[in-house]
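Commentary on secondary and tertiary structure
Okay, here's what each chain looks like letter by letter:
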Amino acid sequence: MFKSAAGTAPMQPFKARKPRKKWPLSIKIFIALVFGILVGLCFMKNPGFATRYIQPFGTIFLNLIKFVVVPIVFFSIISGVISLSDIREVAEIGVRTIIFYICTTAFAVTIGLLISNVFKRFYPVLSVSGLHYKATKAPSVMETIVNMFPSNIVAPFANAAMLQVIVAALLFGFGIILAGEKGKNFGQFCNSASEVGLKIMEMILVLSPVGVFCLMVPVVAENGPAVLGSLAMVLLCAYIGYVIHAVLVYSSSVRLMGGLSPLTFFKGEMPAILFAFSSASSVGTLPLNLECTEKLGARREVASFTLPLGATINMDGTAIYQGVCAIFIASCFGIHLGLSQQIMIILTATLASIGTAGVPGSGMIMLAMVLQSVGLPVAGIALVAGVDRIFDMGRTTVNITGDAACTIVVSKMIDRLEAKRARRSPRVPVGDAAGQEDDGPEA
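Along each chain, residues carry numbers from 1 onward, in the same order as the chain's sequence is written. Confidence filtering applies because this is a predicted model: local features only for residues at pLDDT of at least 70, side-chain atom pairs given and counted only at 80 or more, and all residues used for totals across whole chains, interfaces and linings. Heavy atoms from the whole structure form the basis of all side-chain values; hydrogens and water molecules are not counted.

In the nomenclature of an unreviewed UniProt entry, the chain is known as Transporter, dicarboxylate/amino acid:cation Na+/H+ symporter family protein of Pseudoramibacter alactolyticus ATCC 23263. UniProt positions are given in the numbering used here, feature names are shortened, and annotations may be inferred rather than shown by experiment. Per UniProt, the chain has the following entry under Subcellular location (unreviewed entry): "Cell membrane".

1. Quick notes on the packing of aromatic side chains
Each pair of aromatic rings taken from Phe, Tyr and Trp, with Trp reduced to its six-membered ring, is defined by centres within 6.5 Å and is described as stacked if the planes are under 30 degrees apart, edge-to-face if over 60, and tilted in the remaining cases. Summed over the entire model, instances satisfying the criterion amount to 13 aromatic pairs. Consider the rings of F43 and F49, whose centres lie 5.3 Å apart with planes at 15°: the pair is stacked. Between F49 and Y53 the ring centres are 5.0 Å apart and the planes differ by 45°, which places this aromatic pair in the tilted class. Of this pair, F49 and Y53 both sit in helix α2 (residues 47–53), 4 residues apart, which is roughly one turn of the helix. In this scheme, a residue with accessible area under 20% of its type's maximum is buried, one over 50% is exposed, and one in between is partly exposed, where area comes from a 1.4 Å probe on protein chains only. For Y53, a relative accessible area of 48% translates into the label partly exposed. In our convention, an over-ring charge means Lys NZ or Arg CZ found within 6 Å of a ring centre and within 35 degrees of that ring's normal. R395 extends its terminal NZ or CZ atom over the ring of Y321, reaching a point 4.3 Å from the ring centre. For helices the rule is a DSSP run of H or I covering at least 4 residues; for strands it is a run of E covering at least 2, with both sets numbered from the N terminus onward.

2. Points about helix α3 (residues 55–84)
With 30 residues, α3 extends 42 Å from end C-alpha to end C-alpha; this agrees with the ideal 44 Å at 1.5 Å per step. To obtain the bend at a residue, axes are fitted to the seven residues ending there and to the seven starting there, and the angle between these axes is taken. Its axis deflected by about 25° at V69, α3 carries its strongest bend there, up to four residues before the proline P71. Take the residue count of a helix, subtract one, and multiply by 1.5 Å to get its expected span.

3. Some remarks on the UniProt feature "transmembrane region" (unreviewed entry) in the chain
UniProt records the feature "transmembrane region" (unreviewed entry) for residues 60–85, 97–119, 157–179, 200–221, 227–251, 319–336 and 365–387 in the present numbering. Spanning residues 200–221, this segment combines 91% helix with 0% strand, and its end C-alpha atoms are found 32 Å apart. For residues 319–336, the end-to-end C-alpha separation is 20 Å, with 78% helix and 0% strand making up the annotated structure.

Pasting the structure below:
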């Protein structure tokens, strides 16, 4: 025991302070989400204030996310392709990813139709007279294919055209591999740029709770009465479909094909899920989703490919929305949809999710295509357009969760494929590797 200078009272030994336990990002975002809802309810009588003075800070946060997401996607995909060092393996990842997305989208629209058929007796009877809605023309299949390939290197970055960014990144990655030693320096630059982009992302994500709060307040302030109004049953039906699809399809996928516990998966994905719900932006959630899937054990080279592609073409939540809205609009117009028409909705919604990839407002374009495919009036979109933001929050959450599930599944598939190839490859004896036989010590 130490004594003080006066020699009277003993001095206590110094104890280092324990570092404060940091709250997980998911908890911070959840608290911000709850506060955003409560404050939004307070501004329901004056939503203009929330829109003018609170929403701009949320917009700034989203702008920062969108600013960093394109370079992250570009350089991360290049880094992933380089690390694979085999163009055939990239093709294997791409084929598995697209098959997964198409299958889950078909399941999603089927679930939406089934639930909507059960609940349609409870749908409100709304006036359909005087409805007007001009549908945006969807691009043809050939136009979509042509638009995937950029005409210059600047346009994809300037327009945040994710499909073009992905194609450009793949071409650069393949070029680096084929260039061999001469492409090594450029490959190192891309790896370095990818790491720098991820660090910038980490700095921006610290502001996630503030961004979530500022995005949530105006949504609740403007749409609170609408949610509790005549369209509440339709919204409830859609959200039941969102939950069922996530619990059944994604849980079984990550368990059976990804070897991961569904509870572990959803717990690890919670930060991205909460952010997607509040922001309603798949592309904006992409950096956070990359971080979450890597923590869950996904390979970076796989996540760098599947997540940007999924943010563009995977629309499971949107497919559920199509099924629910098609039955609801048909009920409002007094039209009965038979089995063949509902099968047509499944096919149209599944193909439209890829056909409208990267098109602004693709959700409404898809719904217009679905309605036209079964002869329903496109003007019926006006019935749900007023609360589309509330639908969008849920469907975006399902979309990004599906992207993450695909990433886990494809990563596990590639791991198994590589293990199988390693077992099949013949082992070279040590003596042969050295170019000599090991005859043992001389007598």
